[in-house]
Amino acid sequence: IYENKVIIYCLMIFVLLFSIVPNLGEEMEIRFIDVGQGDSILIKVKGKDFLIDTGGSLFENFDVGESILVPYLMKEGIFSLDGVFITHFHEDHANSLPYLLENIGVKRIFIGYEREESKLYSNIIKSANIHNVPIYLMKSGDTLNLGKGVYIKVLNPSDEIISKYGDNENNLSMVLLLNSYNYKTLFAGDIEGEIERNLVEKCEKIHFLKVPHHGSNTSSSEELLNSFSPNYAFISVGNNNFGHPNEDVLNRFEERKIKVFRTDESGMISLCIKPNQYYINTFIADKYSIGDLI
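Bear in mind the structure is a predicted one, so any value in this text is a computation, not a measurement.

A. Looking closely at the packing of aromatic side chains. Inspection of every chain in the model, using the stated rule, returns 14 aromatic pairs. An aromatic cluster is built from Phe 32, Tyr 183, Phe 208, Tyr 232, Phe 234, Phe 261 and Tyr 278, whose rings are joined through pairwise contacts. Its end group placed over the ring of Phe 261, Lys 259 keeps NZ or CZ at 5.4 Å from the ring centre.

Shown next, in the form of structure tokens:
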């Protein structure tokens, strides 16, 4: 009888271990890097590293890539990126890419549209060619697998949007929906109200929102928030003269009890996602949240 009990206990432990082990490596991290007034988001998953935007100062006397982004990546032991997504060709989102290409290995660049008349776009293409980095054009409906249970779907722009809003680069922003272990994160670039309304047609519940356009008054409409209904919102913003984030926008989040994290208040914000749980940690403020099971 004793031997039978030992065998049963061993079998129970064996089954328990095998139910836990497959989930040990199931983890990804999204880091909203504090690059001042701009966007740069690091995604770490399955031993791979991806970047959404690179930040970049609007002023020539300060280089975000040289002073913040590249030193941070090197400090983290990241000397190669599996991919860089550029949402659109504005300085505060893409100006640091050429410097990044000079100092960090980049395997691929993903863009949503071409802009030959843009000096920044031309510099990026030239730099990518010099460093033999292929550039891939991604449009609405395209998907990219980052690992088992993790993939990105492009929601914007489409050819129709590019044709209609070609003079407004904010609205051409590449919008990405990241599905990680059934948690969904929407990265909305700098889109404005017109594209938000277009996205509502593709509506689905999300858990996390990278707030469009740094919380500008042209973004985060009631339609967007009501339709996607995020639990948490992340604003990449620094000292600026644009009034970002807008007070009315912040009120819309507060009215819906959507918790807002801001890089200008908290420094870098880290969102760690596991199959049934998530964690949010901030660099400056001592805030720490544990998500409920799905």
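B. Region of interest: the side chain of Gln 37. Looking at the secondary structure, you find Gln 37 in the loop between β1 (28-32) and β2 (41-45). The buried category is assigned to Gln 37, whose relative accessible area is 14%. For Gln 37, the side chain forms a polar contact with the main-chain nitrogen of Gly 238, separated by 3.1 Å. Reaching out from Gln 37, the side chain makes a polar contact with the side chain of His 244 at a distance of 3.2 Å. Leave out the neighbours within four places in its chain, and Gln 37 touches Asp 92, His 214, Val 237, Gly 238, Asn 239, Asn 240, Phe 242 and His 244.

C. Spotlight on the pairing of β1. Taken across its five residues, β1 has five buried, putting it largely inside the fold. Of the two faces of β1, the one carrying Met 28, Ile 30 and Phe 32 and the one carrying Glu 29 and Arg 31 are both buried. Here five bridges tie β1 to strand β16 (residues 269-274), and the two strands are oriented antiparallel to one another. Paired with Met 28 across the bridge in β16 is Ile 273. Both β1 and β2 contribute to a ladder of five bridges, which runs antiparallel. Opposite Ile 30, over in β2, you have Ile 43 as the bridge partner.

Conventions adopted
Residue numbers run consecutively from 1 along every chain, following the written order of its sequence. Side-chain atom pairs in this predicted model are given and counted only at pLDDT of 80 or more, local residue features only at pLDDT of at least 70, and totals for whole chains, interfaces and linings cover all residues. The side-chain figures draw on all heavy atoms in the structure; neither hydrogens nor water molecules are used. Here a pair means two rings of Phe, Tyr or Trp (six-membered ring of Trp) with centres within 6.5 Å. Their orientation is stacked below 30 degrees between planes, edge-to-face above 60, and tilted elsewhere. Criterion for a charge above a ring: Lys NZ or Arg CZ within 6 Å of the ring centre, and within 35 degrees of the ring normal. Starting at the N terminus, helices and strands are each numbered in turn, a helix being any DSSP run of H or I of at least four residues and a strand any DSSP run of E of at least two. Exposed residues in this analysis have more than 50% of their type's maximum accessible area, buried residues have under 20%, and partly exposed residues fall in between, with area computed by a 1.4 Å probe over protein chains only. For the purposes of these results, a polar contact is taken to be a pair of N or O atoms within 3.5 Å, where, inside protein, one atom must be able to donate a hydrogen and its partner to accept one; residues adjacent in sequence count only when each atom of the pair is a side-chain atom. In what follows, a contact means two residues having at least one pair of non-hydrogen atoms within 4.5 Å. Here, strands pair whenever DSSP counts at least two bridges between them.

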